[in-house]
Amino acid sequence: MKKRILLLLSFAMVLMGGLLIQGANSKAATLNLKPGATTEIKAHNTQALQNAINTSKTPITIPKGNFEVVGSIILKSNVTLVGATTNPADSKITLNNGPMTTETGKGVTTVNNLQLRNFTLQYNANMPKYDFQKHNVHVYQSNLLEIGAVPKAEAGANYHAVYKKPTKNNIQVQNMILNANQVGSAALSIAKATNVNIANNQILNSGLQSGITASYTDGLRIDGNTVKNSGRSGISLYQGNGSAKAPVYIRNNKVIDWMERFGGYHYNAAKAAKIAPDMMLDGGIDSYGPANNYVYTIGNTVSLQKENNKRIADNQKTEQKWGVKNARYVGYTGIRGSGIAHAVYQNNTVTINSPDAISFMTFNLRLRNTYTAPKYILVEKNKFTAQNISFPIRIFGGESDGSLASGITIRQNTFTINGDIPTYYKTLIDVREKTETISGKLTYFGTSLVTVTGNKITSKNVKQIVAGTPIRKLPVVDTLYIGQNTLNAKPFQKIGGYLDTVIQLPTYKKGIISGGIMRSFTDTATKTIQLRDTAGKALTKPITLKKGPLVNFVLKPIYSPKPKVLWITNKVGTKSVTKKVPLYLF
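Residues numbered from 1 in each chain as written. Predicted model: local features only at pLDDT ≥ 70, side-chain atom pairs only at ≥ 80, totals over all residues. Heavy atoms only, no water.

Undergrad: Honestly, the pairing of strand β16 (residues 212-215) in this entry has me stumped. Any pointers?
TA: When a strand is regular, its side chains alternate between the sheet's two faces. Going residue by residue along β16, you find Ile 212 and Ala 214 tucked away on one face and Thr 213 and Ser 215 tucked away on the opposite face as well. The pairing of strand β13 (residues 188-191) with β16 spans four bridges and is parallel. Among the inter-strand pairings, Ile 190 is bridged to a residue of β16, identified as Ala 214. (Buried < 20%, exposed > 50% of the residue type's maximum accessible area, 1.4 Å probe, protein only. Helix = DSSP H or I, 4+ residues; strand = E, 2+ residues; numbered from the N terminus. Pairing = 2+ DSSP bridges.)

Right, here's the structure in full:
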């Protein structure tokens, strides 16, 4: 009886104070946490941690050890949580049935100046995990660490710029181990925030969703993290991220093994809704979109480790559960740029060795209330390697506003394909027509401008470097610049069909412009070219080109050392179409 009274008194003292300070003059408050997994210990730790967050005005130190808590831990403004040492494995907080979050469940909260560093945050590995072979519903849906949230009303309305009002500011998550143990949704979710630094963390074993996911967030820096064994994408920009003044930087991260769990869940959901399941091809580094703008993806490594040279497990489980043969409902895309504009992809390494490898990179128009088409995209100096890969680069509905820089530029990359491209035309860059229903009307989108230069390809199976894949048997690419590409160290500029205007990179020397017009095998137009200045004044006479796979031209301008615009007229029968093409000189 006396022991019980003493225990109750001790617990009451924790409820009242919850925090012990090591030394009267200490600058950091060290929590009085207890190891163990009894109900009393979990309650003690929860209250001690929450009280410290609610009241402390100094950094809060998590001591060495593994400390279990219950329920949600609610983060506040001006809080710093740090581990006892610089080794994040030394100090652990284990969550049992709630996340660590900034949200209280009573509406979106405002949190500023939050720092988390040098400790492990994990879900208890014994918590329920979703398994689509056993469960029909997602058994536990919370993120592990949740900084901000998008309310259901806003999420249900898809992207609206009016909802992009930050409620979180100046957030730092550094040198952490975030291990969801395959429980719940994302390991780290950021929403409606600005000035966020996610650096040098280990982001491990997310549940059904991504390792790191962001929505409506500007000034986001994701640097030097290892993101491994993710249920969906490794790093995902969901929608409404980035701006000209506050870009998104994704730099020097390692993304290893993604699409580990979501594909089977998605297949189950489609079956339950009695609709045909579509393919799940989310990227290791992913933009879902729309309205992801000014994104710099630089120096990252995307690869498979546990799943190297293996099929995706969910495809095999789908075959077992549903009796499907040769299931490929889940596939690997290295980097996806759906609903993204003003983006740079530079010095990344993507290695995908799997029978389910679909694409190194994909760019896609995205419509979710508003639409964002890929434009101002630079893909430069990346290294892509695979055994077999179906569509090395795919583009759907790329847009341009008329200037050369606004299209999609793919230059100075290295492609190594050691096996097959298991598609009919074996194309390196497949540009596809895209459809969307806008105001009840089916609308078709081609791609305005693509530049493909200086790429080095090693493969026995690449047959053409760029081709269009149409829905309506019309040209899919409006203007393509091509040049200086090599296949197995030999010049290679071969193109496929459904490309409207293909220009071999012109040269400018001593006032003379030399170049060539290529024809895709589907192009039957009579072509006339003329050089004009940006105001439309003629600098040369019109020249009607002979028909052939490549027709060279030489233009000597009347004046102006480097004129800007090439006017090209395509005539089919009695119908003529003239367009202005920005002149890309080198």
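Undergrad: Can you walk me through the packing of aromatic side chains in this structure?
TA: In this description, an aromatic ring pair is defined by two values, namely the gap between the centres and the angle between the planes. In total, this model carries 15 aromatic pairs according to the counting rule given. Their ring planes at 20° and their centres at 5.2 Å tell us that Tyr 249 and Tyr 296 sit as a pair that is stacked. Separated by 47 residues along the polypeptide, Tyr 249 in strand β20 (residues 248-251) and Tyr 296 in strand β23 (residues 292-298) bring together distant segments of the chain. A relative accessible area of 27% means that Tyr 249 is categorised as partly exposed. Ring geometry for Phe 384 versus Phe 415: centroids 5.0 Å apart, planes at 25°, classification stacked. Taken together, the residues span a long stretch of sequence, with Phe 384 in strand β32 (residues 383-386) and Phe 415 in strand β35 (residues 414-417) at a distance of 31 residues. Take Phe 415: its relative accessible area is 0%, and that puts it in the buried class. One aromatic cluster is present, formed by Tyr 130, Phe 262 and Tyr 265 through successive ring pairs. (Phe/Tyr/Trp six-rings, centres within 6.5 Å; stacked < 30°, edge-to-face > 60°.)

Undergrad: Even after reading the chapter, I still don't get the pattern of salt bridges, so can you show me in this structure?
TA: If charged atoms from side chains of opposite charge come close, those side chains can pair. Applying the stated criterion across every chain, the model contains 22 salt bridges. In this structure, the salt-bridge partner of Asp 282 is Arg 336, at a minimum N-O distance of 3.7 Å. Note that Asp 282 is positioned in the loop between α4 (262-272) and β22 (283-287) and Arg 336 in strand β25 (residues 332-338), a separation of 54 residues in sequence. Judged by relative accessible area, which is 3%, Asp 282 ranks as buried. The salt bridge partner of Asp 286 is Arg 336, with a shortest N-O separation of 2.7 Å. Highlighted residues: Asp 286 in strand β22 and Arg 336 in strand β25, separated in sequence by 50 residues. Accessibility assignment for this pair places Asp 286 and Arg 336 in one class, buried. Each of Arg 232, Asp 282, Asp 286 and Arg 336 takes part in salt bridges that share partners, so that together they form one network. (Salt bridge = Lys/Arg side-chain N within 4 Å of Asp/Glu carboxyl O.)

Undergrad: What is the right way to look at the side chain of Ser 359 in this model?
TA: Secondary-structure assignment places Ser 359 in strand β28 (residues 357-364). A distance of 2.7 Å separates a polar side-chain atom of Ser 359 from the backbone oxygen of Met 361. Ser 359 has contacts with Tyr 332, Thr 333, Gly 334, Ile 352, Ile 389, Phe 391, Pro 392, Ile 393 and Arg 394, leaving out every residue within four places of it along the chain. (Polar contact = N/O pair within 3.5 Å; in protein donor to acceptor, adjacent residues only side chain to side chain. Contact = heavy atoms within 4.5 Å.)

Undergrad: What is the right way to look at the pairing of strand β33 (residues 393-396) in this model?
TA: Burial along β33 is two-sided: the face carrying Ile 393 and Ile 395 and the face carrying Arg 394 and Phe 396 are both buried. By the bridge criterion, four bridges tie β28 to β33 in an arrangement that is parallel. Paired with Phe 363 across the bridge in β33 is Ile 395. Bridge count between β33 and strand β36 (residues 427-432): four bridges; the pairing is parallel. In the sheet register, Arg 394 faces β36, and the bridge partner there is Asp 430.

Undergrad: Just to check I follow, could you spell out the confidence of the model for the protein for this structure?
TA: Do not read the fine detail of predicted coordinates wherever pLDDT is low. Residues of the protein with pLDDT of at least 70 account for 94%, and the chain-wide mean is 92. Every residue in residues 1-26 is under pLDDT 50, and counting partners more than four places away or in other chains gives 23 contacts. (pLDDT = per-residue confidence, 0-100.)

Undergrad: What is the right way to look at the nonpolar core in this model?
TA: General note: in soluble globular proteins, nonpolar side chains tend to be found buried as a group. Leu 81, Ile 93, Leu 121, Leu 145, Phe 360 and Leu 480 are the most contacted members of the largest nonpolar core, which totals 104 residues. Among the nonpolar cores identified, the runner-up in size contains 18 residues, and Leu 505, Ile 513, Ile 517 and Leu 583 belong to it. (Core = buried A, V, L, I, M, F, W, Y, C linked by side-chain atoms within 4.5 Å.)

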